[in-house]
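One letter stands for each residue in the lines below.
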Amino acid sequence: MLKVENLKVNYGGIEAVKGISFEVPEKSIVTLIGANGAGKSTTLRSIVSLVKPTSGTITFMGENITGKDTNEIVGKGITLVPEGRKIFPDLTVLENLKIGAYRRKDDLTDDINWVYDLFPRLKERYWQPGGTLSGGEQQMLAVGRALMSRPKLIMMDEPSLGLAPLIVQDIFSIIREINRQGVTILLIEQNANMALRTADIGYVMETGRITMTGSGRQLLEDEQVRSAYLGK
Amino acid sequence: MDFLSKNLPYLLAGISVGGQYALIAIGYTMVYGILRLINFAHGDIFTVAGLILIYATTILPLYISIPLTLVATVALGYIVERAAYKPLRNAPRMSVMISAIGVSYLLQNLALYITGGLAQTYPAIPFISNTISVGPATTKVVTVITPILTIILVIALMQLIGHTKIGMAMRAVANDFETSRLMGIKVDTVISMTFIIGSFLAAVGSILYFANYPSVIPTSGAMPGLKAFVAAVFGGIGSIPGAVIGAFIIGISENIIKGLGWTTFSDAFTFALLIIVLLVKPTGLFGEKATDKV
């Protein structure tokens, strides 16, 4: 579904991504794990063109989308749940959901109910400004908002960051649920353990390069991965 | 009663001037809310709107000149943003501010060149230039119309921002450009919309304001522009209700001061207020908290 080839991206004057290639098959959960500064976020940001790649190609459903407008890429069915959630603090919960569907012109009622079913807390708090939610609720809102665009591919940047372990469990079970409903997921995480347990395919990124690939299970059992990322 | 009949004309004038300041102040505050930019050219756009009407009425009837002025002013605001601010979207804020100052001088000097530095007679607009009596006071129709029209426009604007899709996008963009882009919002279009609304209101304000004056010179907009800016800061820059309330308070205070016979100090009052607000409560009456996002 998504194919990244020889992607190179400069960010803040350094080459943050040094020619990586990977694929996200349709209806799968793929994860990129790696330490802080490995270039994971930059990779996701360049897929939606928030940063422009210096070279390489990004193909989505057979179409070259490298360097196209963010607006256009979102329209093709890719969405990014950004690091730090980035919900709109001054918009209400309901408005945050509606703005996720900004490009759509059809009726949103079914989708809003779908998101409310996934996250009942959002329904209770629909009238509150987004900024008044707790961290976990904000993450749910950020995921719900992303779903509102009816994406084919959701990319999530560190969804577990700064959340209590129980909430992290919740978030990951929601990720699996969304995937069961047919949405492809590309996940980046520092919480390698959770990510690899959830993912079908994992890639390990180190200082701008992909150094290892395998199924989630293979990587979980790999000695090097265990010592470097799982603390075992 | 005696006090009221003596001061009513000043109070009416104050409310009216307050409305005119409000229409300009909204442009300052909206642009600041989205771009964090003090658009120094806004007062000059207000002046240019005055001049456009003057030149338009020399060849066209008023019922065409007025809409033409509104459209041309909106176009000017749009062009200024596209030409002078948009290319600097990723530049430091200070660069955009300097660009705004540049545009301000450019417009002033362009006006100076075109008018030849001579005061241009503002056309009498029938009906709104007529006089009417309100209780014991005699005043122009425009004085009564201004606050009413201002309030109608402000309510319409609040509805637009609070309850429409573009309004929601404007609030989102004011929060966060990048995430707005991720939602598929065309950020540049939303920013243009802000300038269009601001310029439109400034054009309306300009017609109401200059209707009270015999002529327009290239710097005519400087003072009302500055005072509207003070009103926006006083109300809490970024807040539309704040700007409107600030503008009415300043307009009324200035005229009450004039009514008390201290005309010389009325301008000083406004700018002293600016200093006090900046010292005591820099976020103004309804401003956002000064905590910057990390």
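Residue positions are given per chain, counted from 1 along the sequence in the order it is written. Lettering for chains starts from A, numbering for ligands starts from 1, and both go in the order in which the items are written. At least 70 in pLDDT is required for a residue's local features to be given in this predicted model, at least 80 for side-chain atom pairs to be given and counted, and no such filter applies to totals for whole chains, interfaces and linings, which use all residues.

Take the overall build of chain B next. Of regular secondary structure, chain B possesses 11 helices and 4 strands. What you see for chain B is a C-alpha radius of gyration of 19 Å, in line with the 19 Å of a compact globule of 294 residues. For the C-alpha atoms alone, the extent of chain B along its principal axes is close to 60 × 45 × 35 Å. Across the 294 residues that make up chain B, the buried fraction comes to 47%. Here, residues touch in the contact sense if the C-beta positions derived from the backbone fall within 7 Å of one another. Considering only intrachain contacts with a sequence separation of at least 6, the fraction spanning at least 24 residues in chain B is 75%. For the purposes of this entry, the term helix denotes a DSSP run of H or I that reaches at least four residues, the term strand denotes a run of E that reaches at least two, and both are numbered from the N terminus. Atoms counted for the radius of gyration: C-alpha only. Globule rule: 2.2 Å times residue count to the power 0.38. Exposed residues have 12 or fewer other C-beta atoms within 10 Å of their own C-beta, buried residues have 20 or more, and residues in between are partly exposed; the C-beta atoms are placed from the backbone.

Our next topic: the environment of A:Gln224. Residues and elements named next belong to chain A. Examined against the element boundaries, Gln 224 turns out to sit in helix α10 (residues 223–229). Judged by the 11 C-beta atoms lying within 10 Å of it, Gln 224 is exposed. When the C-alpha positions of Gln 224 and Gly 39 are compared, they lie 20 Å apart, and in sequence the two are 185 residues distant.

All names here are of chain B. Tracing the backbone shows Ser 180 in helix α7 (residues 177–182). With 24 C-beta atoms packed within 10 Å, Ser 180 lands in the buried category. Taking the C-alpha atoms as reference points, Ser 180 and Phe 265, separated by 85 residues in sequence, lie 46 Å from one another. Residues within four places of Ser 180 in sequence aside, it is in contact with Ala 172, Val 173, Ile 185 and Val 187.

Moving on to the sheet that holds strand β7 (residues 153–157) of chain A. Across a sheet, paired strands are connected by hydrogen bonds in the backbone, their directions being either parallel or antiparallel. All names here are of chain A. Strands qualify as paired when DSSP identifies two bridges or more between them. Spatially, 6 strands are ordered β6-β7-β8-β3-β9-β10 in an open sheet, and the strand pairing comes out mixed. In this open sheet, the two edge strands, each paired with only one partner strand, are β6 (78–81) and β10 (209–215). Here the strands of the sheet are splayed against their neighbours by 15° on average, with no regard to which way each runs. Taken together, the 5 bridges between β7 and strand β8 (residues 184–189) define a ladder with parallel strand orientation. Each residue of the ladder has a partner; that of Leu 153, found in β8, is Thr 184. In this description, a line fitted to the C-alpha atoms serves as the axis of each element, helices being fitted only across the stretch in contact, and the angle between N-to-C directions of two axes falls anywhere from 0 to 180 degrees. In the packing of helix α1 (residues 40–47) onto the sheet, contacts are made with β3 (29–34), β6, β7, β8 and β9 (201–206), and the angle to β7 comes to roughly 145°.

For the rest of this paragraph, the subject is the confidence of the model for chain B. Confidence of the predictor at the level of single residues is captured by pLDDT, which takes values from 0 to 100. Confidence in the prediction of chain B, expressed as mean pLDDT, is 92, and 97% of residues score 70 or more. Below pLDDT 50 for its whole length, residues 290–294 of chain B participates in 2 contacts with residues either more than four positions away or in separate chains.

To continue, consider the nonpolar core. Core analysis: the largest hydrophobic core is formed by 148 residues, its most contacted members being B:Ala25, B:Ala231 and B:Ala247. Filtering out sequence-adjacent residues up to four positions away, B:Ala247 remains in contact with B:Gly18, B:Tyr21, B:Ala22, B:Ala25, B:Ala228 and B:Ala231. The term nonpolar core means buried Ala, Val, Leu, Ile, Met, Phe, Trp, Tyr and Cys residues held together as one set by C-beta atoms within 7 Å.

This part covers the pairing of strand β2 (residues 131–134) of chain B. Residues and elements named next belong to chain B. Examined bridge by bridge, β2 and strand β3 (residues 137–140) share 4 bridges and lie antiparallel to one another. Bridge pairing links Ser 133 to Thr 138 in β3. A loop of 2 residues connects β2 with β3, the two strands running antiparallel in sequence, and Gly 135 in this loop sits at a positive phi of about 55°.

Counting from both sides, the interface comprises 14 residues of chain B and, opposite them, 21 residues of chain A. Looking at the side of chain B that touches chain A, the elements that each hand over two or more residues are α6 (165–175) and α7 of chain B. In the side of chain B that touches chain A, the residues fall into 6 nonpolar, 3 polar and 5 charged. Residues are sorted three ways: Asp, Glu, Lys and Arg are charged, Ala, Val, Leu, Ile, Met, Phe, Trp, Tyr, Cys and Pro are nonpolar, and all the rest, Gly among them, are polar.

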